[in-house]
Amino acid sequence: MSKTELVEFVAEEANVSKAEAGRVVDAVIKGIETGLKKDKKVAIVGFGTFSSKRRAAREGINPLTKEPMKIAAKNVVSFKAGSKLKDSVN
């Protein structure tokens, strides 16, 4: 499902306009981003938990040239699905 399809789904389910649903979806995404920057974790009960982790710098191999290369340290986002989400998918 794309963001456009999600906005259409929210608009239909909440019986609001697509413009209003788009603003709501954008606000939720911005809230998750802000929570990850501030607290490094966003938990939505029944849905799942987003968390931000620091990945250390490491040595890698360039797949084209097979030469060693340095991979810089960076923050990565992970998601762990909640039990209700897992159950609904299965």
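The coordinates are above.
Residues numbered from 1 in each chain as written. Predicted model: local features only at pLDDT ≥ 70, side-chain atom pairs only at ≥ 80, totals over all residues. Heavy atoms only, no water.

A. Summary view of the pattern of salt bridges. This structure, assessed with the given rule, holds 2 salt bridges. Among the salt bridges present, the one from E8 reaches K18, with a minimum N-O distance of 3.9 Å. One end of the pair, E8, is in helix α1 (residues 3-14); the other, K18, is in helix α2 (residues 18-39), and 10 residues separate them in sequence. (Salt bridge = Lys/Arg side-chain N within 4 Å of Asp/Glu carboxyl O. Helix = DSSP H or I, 4+ residues; strand = E, 2+ residues; numbered from the N terminus.)

B. Local environment of unusual backbone geometry. Phi at K40 takes a positive value of approximately 70°, unusual for a residue other than glycine. Mapped onto the secondary structure, K40 falls in the loop between α2 and β1 (41-44). Classification of K40 as partly exposed rests on a relative accessible area of 43%. Positive phi values are uncommon outside glycine, yet K66 reaches one of about 65°. In this fold, K66 is placed in the loop between β3 (58-61) and β4 (68-71). On the basis of relative accessibility, which here comes to 61%, the residue K66 falls in the exposed class. (Buried < 20%, exposed > 50% of the residue type's maximum accessible area, 1.4 Å probe, protein only.)

C. The sheet that holds strand β5 (residues 74-81), seen in detail. Across the sheet, which stays open at both edges, the 3 strands sit in the order β1-β2-β5 with antiparallel pairing between neighbours. Two strands lie at the open edges of the sheet, namely β1 and β5, each paired on one side alone. On average, adjacent strands in this sheet sit at an angle of 20° to one another, irrespective of strand direction. The pairing of strand β2 (residues 48-55) with β5 spans 8 bridges and is antiparallel. Residue pairing in the sheet places R54 in a bridge with N75 of β5. Seen against the sheet, α2 touches β1, β2 and β5 and runs at an angle of roughly 130° to β1. (Pairing = 2+ DSSP bridges. Axes fitted to C-alpha atoms, helices over the stretch in contact; angles between N-to-C directions. Contact = heavy atoms within 4.5 Å.)

Just geometry here; none of it tells us what the structure is for.
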